[in-house]
Amino acid sequence: MVDVSLYAAFLVAALALCVTPGPDMMFIVAMGGRGGPATGVMAALGVASGALVHALAAMFGMSALFTNLPVLYHVLRWGGAAYLLYLAIRAFRDRSAPAAGDGGATPGNPGPGRLRAFRQGMVTNLLNPKVILFNIAFLPQFVNPGLGHMVVQFLILGLTLVLIGLAVDASVGLLSGRLSLMLQRSRRVARGLNVFSGAVFTGLAVRLVTAQD
């Protein structure tokens with residue numbers, strides 16, 4: 001279903017892209033730093049879910065809407081920046097020290113913190129139009145029209161990219177979360193991690209609206 005030589009080149013390129021620090025990775029580091037390993041991994045799963053939606057959109061040609069409707073691109077970009085600023089404000093205002101090993105939730109209710117990390121990771125990725133444009137530019141380079149089954153080729157490439165990204169991001173979230181657990185014994189350090197997360201979210205928002213298209 002895919003060109004073997006092209007797929008091998010795609011694996012190398014995809015791995016290089018996924019291990020290069022970017023907005024998604026910084027977001028996952030910030031979430032793992034605030035909530036611990038489980039929260040970091042759930043944030044990575046959320047980002048991967050958003051990336052899967054982008055890959056499917058590229059596969060069906062829906063992403064081409066952004067090239068034909070520039071206003072839609074800018075609406076999504078500003079919406080993503082606003083959401084990141086909302087997360088930054090929440091982080092700056094958080095005066096609590098997250099419970100060890102938990103996503104900031106109480107011992108009797110461990111789920112919502114992790115689910116929130118998943119949801120925020122997914123929404124942050126979905127509201128980044130640059131990811132959509134990346135899929136339009138990147139994936140077609142490794143599709144061989146002569147083999148036919150174009151949709152299947154896009155699907156295989158998209159799923160591969162999502163899985164590689166998930167493996168890398170989940171590892172980053174796990175490591176950042178474990179490091180945060182060692183530091184959170186100090187309430188002052190825990191507060192510092194919240195400030196760091198807020199600064200990361202703010203920086204990502206600024207980058208989203210000021211970076212060259």
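See above for the structure.
Parameters at a glance
Residues numbered from 1 in each chain as written. Predicted model: local features only at pLDDT ≥ 70, side-chain atom pairs only at ≥ 80, totals over all residues. Heavy atoms only, no water. Phe/Tyr/Trp six-rings, centres within 6.5 Å; stacked < 30°, edge-to-face > 60°. Helix = DSSP H or I, 4+ residues; strand = E, 2+ residues; numbered from the N terminus. Buried < 20%, exposed > 50% of the residue type's maximum accessible area, 1.4 Å probe, protein only. Expected span 1.5 Å × (residues − 1). Core = buried A, V, L, I, M, F, W, Y, C linked by side-chain atoms within 4.5 Å. Contact = heavy atoms within 4.5 Å. 1 Å grid on protein atoms, 1.4 Å probe; cavity = no way out; pocket = protein on both sides within 12 Å on 5 of 7 lines; lining within 4 Å. Points joined across faces, edges and corners; volume = space filled by probe spheres on them. Nonpolar A, V, L, I, M, F, W, Y, C, P; charged D, E, K, R; others polar. Axes fitted to C-alpha atoms, helices over the stretch in contact; angles between N-to-C directions. Parallel < 35°, antiparallel > 145°, perpendicular 65-115°, else oblique. Left-handed = near helix turned anticlockwise from the far one by under 90°. Polar contact = N/O pair within 3.5 Å; in protein donor to acceptor, adjacent residues only side chain to side chain.

Caption draft 1: The arrangement of the packing of aromatic side chains in detail. Evaluated as defined, the whole model comprises five aromatic pairs. Geometrically, the ring pair formed by Phe10 and Phe138 is tilted, given 5.6 Å between the ring centres and 35 degrees between the ring planes. Of this pair, Phe10 sits in helix 1 (residues 4-19) while Phe138 sits in helix 7 (residues 129-138), placing them 128 residues apart in sequence. Owing to a relative accessible area of 0%, Phe10 belongs among the buried residues under this scheme. Of the aromatic side chains, those joined through ring pairs into one cluster are Tyr7, Phe10, Phe138 and Phe142.

Caption draft 2: Just helix 3 (residues 37-59), in detail. For helix 3, spanning 23 residues, the distance from its first C-alpha to its last is 33 Å, which sits close to the expected 33 Å at 1.5 Å a residue. Downstream of helix 3 by a residue or two, Gly61 has a phi angle that is positive, lying close to 80 degrees.

Caption draft 3: Looking closely at the nonpolar core. Counting residues in each nonpolar core, the largest one holds 20 residues, and the members touching the most others are Phe27, Ile28, Met31, Ala43 and Phe201. Of all the secondary-structure elements, those providing two or more residues to this core are helix 2 (23-35), helix 3, helix 5 (70-93) and helix 9 (187-210). Considering every element that reaches this core, the biggest residue donor is helix 5, with six residues. Excluding anything up to four places from it in sequence, Met31 contacts Gly36, Thr39, Ala43, Ala117, Gln120 and Phe201. Judged by nonpolar contacts, the second largest core, of 16 residues, contains Ala14, Ala58, Phe138 and Val143.

Caption draft 4: Structural detail: empty space enclosed by the protein. All told, the structure shown has one cavity of 30 Å³ or more when counted by the stated rule. Estimated volume of the largest cavity: approximately 80 Å³. Looking at the lining of the largest cavity, the elements with two or more residues in it are helix 2 and helix 9. The biggest single contributor to the lining of the largest cavity is helix 9, with three residues. Here the residues of the lining of the largest cavity sort into four nonpolar, two polar and two charged.

Caption draft 5: Summary view of the packing of helix 2 against helix 3. It is at 7 Å that the axes of helix 2 and helix 3 come closest, and there the two elements cross at 150 degrees. In terms of orientation, helix 2 lies roughly antiparallel with respect to helix 3. Here helix 2 and helix 3 pass one another in a crossing that is right-handed. For the pair helix 2 and helix 3, the contacting residues are Asp24, Phe27, Ile28, Met31, Gly32 and Gly35 in the first and Thr39, Gly40, Ala43, Ala44 and Val47 in the second.

Caption draft 6: Just the side chain of Ser176, in detail. Counting through the fold element by element, Ser176 comes out in helix 8 (residues 150-183). Polar contacts involving the side chain of Ser176 include one to the main-chain carbonyl oxygen of Gly173, which spans 3.1 Å. Excluding residues within four positions of it along the chain, Ser176 makes contact with Ile28, Val29, Gly32 and Gly33.

Caption draft 7: Representation of the layout of surface pockets. Considered as a void within the structure, the largest pocket measures approximately 710 Å³ in volume. If you go around the largest pocket, you meet 25 residues; those closest to its centre are Leu17, Pro23, Asp24, Val131 and Phe134. Those elements giving two or more residues to the lining of the largest pocket turn out to be helix 1, helix 2, helix 3, helix 7 and helix 8. For the lining of the largest pocket, a count of residues per class yields 14 nonpolar, seven polar and four charged.

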